[in-house]
Amino acid sequence: ILDIIFAFIALIVLLPLLLPIIIILLLTGEHEVFYRQKRVGRYGKDFYIWKFVTMVKNSPNMGTGEITLRNDPRVTKVGRFLRSTKINELPQLLNVLTGDMSFVGPRPLMKVSYDLYTAEQQKEIYSSRPGITGIGSLIFRDEEKLLSKAEDPRKMYNTIYPYKASLEVWYRRKASFRVDFLILLITFLELFKPSGNLIQKAFPDMPKRPDFGV
């Protein structure tokens, strides 16, 4: 209930920001505003996530597929700004209103990424609704940079998923109003002054990030 109430309020408050973005997207790039993609949600059920368009059409079937790199040629000029500021994620407030997502939770993955988790991890992690933000989203805010530095982005993508799974399992076992509030607060603060240290200070007992060698 709180998710729905806050999502409705957020959409109203953010309307002065959302309307200009909608107009800009209509006039530039692909001339389309929203992008809907099938993701895995609660209990492993599929749903369609809402985002602002940031890439050219058919991008999942081009280049590195579901993996997006820094300076990826498939990303439009406006899309680079929307992705760097995470504004492209704001339409997911619609997913919160429909009950497919929450404000905080595990990231909703594409099936190809979801399958990198074990069956036990899938069951535990997705016993709760996926979130617009979460522990995994904060730790891997620099994922595009990490993948871009790797000699083999696909291999690196597969390498980081065991750690992602451990983070999401940790969140599922620690989930509370306090934890969710801190994750939301840190998400907001990181938008204005990215540091990467706040999340470690707030949750010193979370799984330690491995050295991925890049």
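Residues numbered from 1 in each chain as written. Predicted model: local features only at pLDDT ≥ 70, side-chain atom pairs only at ≥ 80, totals over all residues. Heavy atoms only, no water.

Some words on a nonpolar patch on the surface
Stage number 1. On the surface, a nonpolar cluster with roughly 860 Å² of combined accessible area is contributed by Ile-1, Leu-2, Ile-5, Phe-6, Phe-8, Ile-9, Ile-12 and Val-13.
Stage number 2. Its location among the elements puts Leu-2 in helix H1 (residues 2–27).
Stage number 3. We classify Leu-2 as exposed; its relative accessible area is 53%. (Patch = residues over 30% accessible without salt bridge, like charges linked within 9 Å, V, L, I, M, F, W, Y side chains within 5 Å. Areas by Shrake-Rupley, 256 points an atom, 1.4 Å probe, with all protein chains shown as cover. Salt bridge = Lys/Arg side-chain N within 4 Å of Asp/Glu carboxyl O. Helix = DSSP H or I, 4+ residues; strand = E, 2+ residues; numbered from the N terminus. Buried < 20%, exposed > 50% of the residue type's maximum accessible area, 1.4 Å probe, protein only.)

Here's the deal with the side chain of Thr-133
Stage number 1. Inspection of the secondary structure puts Thr-133 in strand S4 (residues 131–133).
Stage number 2. The class for Thr-133 is buried, based on a relative accessible area of 7%.

Topic: helix H8 (residues 153–174)
Stage number 1. Helix length check: H8, at 22 residues, gives a terminal C-alpha distance of 31 Å against a target of 32 Å (1.5 Å per residue), a fit within 8%.
Stage number 2. Helix geometry: H8 is bent most strongly at Tyr-161, by close to 30°, with proline Pro-162 lying one to four residues after it.
Stage number 3. Capping the start of H8 is the job of one residue whose side-chain oxygen sits 3.2 Å from the backbone nitrogen of Arg-154: Asp-152. (Expected span 1.5 Å × (residues − 1). Bend = angle between axes of the 7 residues up to and from the residue. Polar contact = N/O pair within 3.5 Å; in protein donor to acceptor, adjacent residues only side chain to side chain.)

Quick word on empty space enclosed by the protein
Stage number 1. Scanning the entire structure with this criterion turns up 1 cavity of 30 Å³ or more.
Stage number 2. When its volume is computed, the largest cavity comes out at roughly 40 Å³.
Stage number 3. Lining the largest cavity, in full, are Leu-25, Thr-28, Gly-29, Glu-30, Glu-32, Val-53, Thr-76 and Val-78.
Stage number 4. Here the lining of the largest cavity is composed, by residue class, of 3 nonpolar, 3 polar and 2 charged. (1 Å grid on protein atoms, 1.4 Å probe; cavity = no way out; pocket = protein on both sides within 12 Å on 5 of 7 lines; lining within 4 Å. Points joined across faces, edges and corners; volume = space filled by probe spheres on them. Nonpolar A, V, L, I, M, F, W, Y, C, P; charged D, E, K, R; others polar.)

A short note on the pattern of salt bridges
Stage number 1. One pass over the structure, following the stated rule, counts 9 salt bridges.
Stage number 2. Residue Lys-57 is joined to Glu-32 by a salt bridge in which the shortest nitrogen-to-oxygen separation is 3.3 Å. On the criterion of sequence distance, the pair formed by Lys-57 in the loop between strand S2 (46–52) and helix H2 (77–85) and Glu-32 in the loop between H1 and strand S1 (34–40) is long-range, its members being 25 residues apart.
Stage number 3. Of the charged contacts, one joins Lys-51 and Glu-89 as a salt bridge, the two residues approaching to 3.7 Å between their closest N and O atoms. Here the residue Lys-51 occupies a position in strand S2, and Glu-89 occupies one in the loop between H2 and helix H3 (93–97), the gap between them amounting to 38 residues. Side by side, Lys-51 and Glu-89 carry an identical accessibility label, which is buried.

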